[in-house]
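Results of the structural survey
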Amino acid sequence: MQEAARAEQQRTAYSPQPSQSPKESGDGELEGMLVRKHEWESTTKKASNRSWDRICVVLKGSQLFFYKDQKTYRSRPEETWRGETAVDLINGTAEIAADYTKKKHVFRLRLANGGDYLFQANDDDQCHQWVNGINAQAAPEEAAGGKSQTLPPGSEKKDEPKRRSFFTLKKK
């Protein structure tokens, strides 16, 4: 009997709860319980832990914070999930993960550094609310100002001949 109860508890532990809808405040802050999977740390490195975890996700400004639950966030906001630092959203994008078919109501967050997260929401409305909230905060403020772009250093040396290393010199 205990094993059946334990199996049911494990099966429901990582499924979204319908009673937990995200809370929005007027300053663009969004908070709610989501199920998260960290897929890529950067463009070349897969995340070491790619399991699904049910966590409290808080969008504050252009950063995303992760907590064990909403009680931890409210009582000890400095105590993040597994000591993780906040995720910087600038130049990142959030989109519905139509290519991910294993779970419903999943959206993908791609970061500027190549990091990639999957999040599962309770329903499509909550999913769209998070995607829109993240994209609104991730858009760089400079895009509206229309600042001119500068070239990276060293790009103005077009006329100089290409330098070769000692080992690539041709023999005469």
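Residues numbered from 1 in each chain as written. Predicted model: local features only at pLDDT ≥ 70, side-chain atom pairs only at ≥ 80, totals over all residues. Heavy atoms only, no water.

1. Digging into the packing of aromatic side chains
The description of an aromatic ring pair rests on the distance of the ring centres and on the angle between the ring planes. Formally: Only Phe, Tyr and Trp rings are paired, with Trp represented by its six-membered ring, and only when their centres lie within 6.5 Å; those with planes under 30 degrees apart are stacked, over 60 edge-to-face, the remainder tilted. Put simply, DSSP marks the helices as runs of H or I at least four residues long and the strands as runs of E at least two long, and each gets a number from the N terminus on. Type-normalised accessible area, obtained with a 1.4 Å probe on protein chains alone, sets the label of each residue: buried when under 20%, exposed when over 50%, and partly exposed for intermediate values. Cation placement over rings: the criterion is NZ of Lys or CZ of Arg within 6 Å of the ring centroid and within 35° of the ring normal.
Per the stated rule, a full pass over the model turns up 6 aromatic pairs. When the centroid spacing of 6.1 Å and the interplanar angle of 25° are considered together, the rings of Phe-66 and Phe-119 count as stacked. Here Phe-119 lies in strand E8 (residues 116-120) and Phe-66 lies in strand E4 (residues 63-67), a separation of 53 residues in the sequence. The two residues Phe-66 and Phe-119 agree in class, both being buried. Aromatic rings pair up to connect Phe-66, Phe-107, Tyr-117 and Phe-119 into one cluster. The cationic tip of Arg-36 hangs over the ring face of Phe-66; the distance from NZ or CZ to the ring centre is 4.4 Å. Lys-103 extends its terminal NZ or CZ atom over the ring of Trp-52, reaching a point 5.0 Å from the ring centre.

2. Points about the pairing of E8
Heads up, the condition is: Pairing between strands is defined by DSSP: at least two bridges between the two strands are required.
Counting buried positions over the 5 residues of E8 gives 5, a clear majority of the element. Residues Asp-116, Leu-118 and Gln-120 line one face of E8 and the alternating positions Tyr-117 and Phe-119 line the opposite face, and both faces are buried. Judged from the 5 bridges that link them, strand E2 (residues 30-40) and E8 form a sheet pairing that is antiparallel. Looking at the pairing, Trp-40 lines up with Asp-116 of E8. Direction of pairing for strand E7 (residues 106-110) relative to E8: antiparallel, over a ladder of 5 bridges. Looking at the pairing, Val-106 lines up with Gln-120 of E8.

3. Here's the deal with the pairing of E7
Working note: regular strand, side chains alternate between the two faces of the sheet. Within E7, 4 of the 5 residues are buried, leaving the element largely enclosed by the surrounding structure. Relative to E7, strand E6 (residues 93-96) is paired through 4 bridges, and the arrangement is antiparallel. Residue Glu-95 lies in a different strand from E7, and its bridge partner there is Arg-108. Connecting E7 to the antiparallel partner E8 that follows it, the hairpin turn spans 5 residues, and Gly-114 within it adopts a positive phi of roughly 95°.

4. Topic: unusual backbone geometry
In this model, Arg-82 sits at a positive phi of 50°, which is unusual for a non-glycine residue. Tracing the chain through its elements places Arg-82 in the loop between helix H2 (70-75) and strand E5 (87-88). Judged by its relative accessible area of 55%, Arg-82 is exposed. One non-glycine residue with positive phi stands out, namely His-105, at about 60°. Among the secondary structure elements, His-105 is positioned in the loop between E6 and E7.

5. Let's talk about the environment of Ile-134
Our working definition: We call two residues in contact whenever any of their non-hydrogen atoms come within 4.5 Å of each other.
Assignment of secondary structure puts Ile-134 in helix H3 (residues 124-138). Accessibility expressed as a relative area gives 0% for Ile-134, which makes it buried. Discounting chain neighbours no more than four positions away, the residues touching Ile-134 are Leu-59, Leu-64, Leu-89, Ala-94, Phe-107 and Leu-109.

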